[in-house]
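# Breakdown of the fold
These are the residues of each chain, in order.
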Amino acid sequence: QVQFVESGGGLVQPGGSLRLSCTASGSIFGITAMGWYRQVPEKKRELVASITDSGVTLFGDFVQGRFTISRDNANNTVFLKMNDLQPEDTAVYYCNGRIRTSRWGIVNSYWGQGTQVTVSS
């Protein structure tokens with residue numbers, strides 16, 4: 001199957017920055033897109049940012065230019081650089097990959113375990 005290793009979460013003061021990374025491994029034939037979602041208790045998981053294998057990016061409306069996403073296709077890794085973090089950005093951040101595990105298989109969505117981001121003074 002597919003596994004993710006997520007890193008970079010933690011505690012940061014308002015206005016600070018963090019860089020999240022996520023590496024996928026396992027039975028991977030191809031990855032069409034990777035990205036990050038976030039969730040707080042009692043709310044739906046929401047898109048933070050995603051990037052396709054050709055470099056097309058998509059961001060949640062709340063990002064407003066503060067975050068950038070990049071991808072290392074050769075190493076199945078996605079990076080999320082978050083600047084000007086605010087308390088409302090506090091959430092568990094989940095890595096997501098849309099992955100084909102065989103040449104003729106369909107693309108499925110896979111999730112990491114999540115990493116906590118806390119923005120507080």
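A few points on the structure. (Residues numbered from 1 in each chain as written. Predicted model: local features only at pLDDT ≥ 70, side-chain atom pairs only at ≥ 80, totals over all residues. Heavy atoms only, no water.)

### Looking at the state of the cysteines
The condition is simple: Cysteine sulfur atoms are paired as a disulfide whenever they come within 2.5 Å of each other. Strands here are runs of E lasting at least two residues and helices are runs of H or I lasting at least four, both read from the DSSP assignment and numbered beginning at the N terminus. Working definition: with a 1.4 Å probe on protein chains only, accessible area under 20% of the residue-type maximum means buried, over 50% means exposed, and in between means partly exposed.
A complete count under the given rule lists one disulfide for this structure. The disulfide that involves Cys 22 links it to Cys 95, with 2.0 Å between the sulfurs. Negative torsions about the S-S bond denote left-handed disulfides, and the value of about -85 degrees found for Cys 22 with Cys 95 makes this one left-handed. Placement of the pair is Cys 22 in strand 3 (residues 18–26) and Cys 95 in strand 9 (residues 91–100), with a sequence separation of 73 residues. For the pair formed by Cys 22 and Cys 95, the shared burial category is buried.

### Some words on the packing of aromatic side chains
Our working rule: Planes of paired rings set the category: under 30 degrees apart is stacked, over 60 is edge-to-face and the rest tilted, where pairs are Phe, Tyr or Trp rings (Trp by its six-membered ring) whose centres lie within 6.5 Å.
In total, this model carries one aromatic pair according to the counting rule given. A centroid spacing of 5.0 Å and a plane angle of 70 degrees characterise the contact between Tyr 37 and Trp 111, whose relative ring orientation is edge-to-face. Here Tyr 37 is found in strand 4 (residues 30–39), whereas its partner Trp 111 is found in strand 10 (residues 107–111), with 74 residues between them in sequence. On the basis of relative accessibility, which here comes to 16%, the residue Tyr 37 falls in the buried class.

### Observations regarding the side chain of Thr 77
Where we set the bar: Pairs of N or O atoms within 3.5 Å make up the polar contacts considered here, provided that, within protein, one atom can donate a hydrogen while the other can accept it, and that residues adjacent in sequence are counted only when both atoms are side-chain atoms.
Structurally, the position occupied by Thr 77 is in strand 8 (residues 77–82). Overall, the relative accessible area of 7% leaves Thr 77 in the buried class. A distance of 2.8 Å separates a polar atom in the side chain of Thr 77 from a polar atom in the side chain of Thr 23. A polar contact is formed between the side chain of Thr 77 and the backbone oxygen of Asn 75, at a distance of 2.9 Å.

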